[in-house]
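Structural characterization, general
Take a look at the letters that make up each chain.
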Amino acid sequence: MQDSGFISFRCFMDELICSEFKLGRRLLGRLPHGKDLITSIENFCRASDIRTATFSVIGAVSSATIGVYDQKQYVYVTFTENTTMEIVNCIGNVSLKDKTPVIQSHIVLADEHGKIIGGHLFSETILFAGEIDLKEMTGKKLEKMYKNTTGLMLWNLESQGGS
């Protein structure tokens, strides 16, 4: 097998479709104060030629826009919290849409009283402070594609090939 960074592998297990990638660079970084969380990660990925990755973020935000997907209407219902909150957990991935890195992320936040909110992360979510652990994946391009069954842009794993 040629060492192209992509392990030729595909599995179908009760509707699960997956492809295996090799771990590329692992990057630890500090996110910029006062900037949008999603835009900051997307800009870094574009500048660093990162096309596929997973990441986690810790820190705090001064405001956040989060949402939940309405599975009947196929739209996100969003709301904004304009208060300081700790990032309890933030995980996500990077893949391509129209050949450009895009972020898909979920976040859990806590206020000063310990009240927890969470959901799908949206811009404008403004960072107070943040640190990121980003794990690049190497191999074939992993692109988003619209899926009629969900109304969502999801990974197009069917075209990844493999054995």
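Residues numbered from 1 in each chain as written. Predicted model: local features only at pLDDT ≥ 70, side-chain atom pairs only at ≥ 80, totals over all residues. Heavy atoms only, no water.

**What to know about the side chain of Asn 93**
Along the polypeptide, Asn 93 turns up in strand 5 (residues 85-97). With sequence-adjacent residues up to four places away left out, Asn 93 is seen in contact with Ala 53, Thr 54, Phe 55, Val 102, Ile 103, Gln 104, Lys 144 and Trp 155. (Helix = DSSP H or I, 4+ residues; strand = E, 2+ residues; numbered from the N terminus. Contact = heavy atoms within 4.5 Å.)

**Some details on the environment of Ser 63**
With respect to the helices and strands, Ser 63 occurs in strand 3 (residues 53-70). A sequence separation of 18 residues divides Ser 63 from Glu 81, and the C-alpha atoms of the two residues are 5.5 Å apart. Leave out the neighbours within four places in its chain, and Ser 63 touches Glu 81, Asn 82, Thr 83, Glu 124, Thr 125 and Ile 126.

**What about the pairing of strand 8 (residues 144-147)?**
Bridging between strand 8 and strand 9 (residues 152-155) involves four bridges; their strand directions are antiparallel. Directly across from Lys 147, in strand 9, lies its bridge partner Leu 152. Once strand 8 ends, the chain turns through four residues before running back antiparallel as strand 9, passing Gly 151 with a positive phi of about 75 degrees. (Pairing = 2+ DSSP bridges.)

**Quick look at the environment of Ile 50**
With respect to the helices, strands and loops of the structure, Ile 50 is situated in the loop between helix 1 (37-47) and strand 3. A C-alpha to C-alpha distance of 7.3 Å links Ile 50 and Pro 101, two positions 51 residues apart in sequence. Residues in contact with Ile 50, not counting those within four places in the same chain, are Arg 25, Leu 27, Phe 44, Cys 45, Val 94, Pro 101, Leu 134 and Glu 136.

**A few points about helix 1**
Buried within helix 1 we find Leu 37, Ile 38, Ser 40, Ile 41, Glu 42 and Cys 45. Buried positions along helix 1 lie against strand 2 (16-31), strand 3, strand 5, strand 6 (100-110) and strand 7 (116-138). Where helix 1 begins, the capping side chain belongs to Asp 36, and its oxygen is found 3.4 Å from the backbone nitrogen of Ile 38. One or two steps after helix 1, the chain reaches Asp 49, where phi turns positive at roughly 55 degrees. (Buried < 20%, exposed > 50% of the residue type's maximum accessible area, 1.4 Å probe, protein only. Polar contact = N/O pair within 3.5 Å; in protein donor to acceptor, adjacent residues only side chain to side chain.)

**Description of the environment of Arg 26**
If you trace the backbone, Arg 26 turns up in strand 2. It is 4.6 Å that separates the C-alpha atoms of Arg 26 and Lys 135, two residues lying 109 residues apart in sequence. The contacts of Arg 26, once residues within four sequence positions are left out, are Asp 133, Leu 134 and Lys 135. Reaching out from Arg 26, the side chain makes a polar contact with the side chain of Asp 133 at a distance of 2.4 Å.

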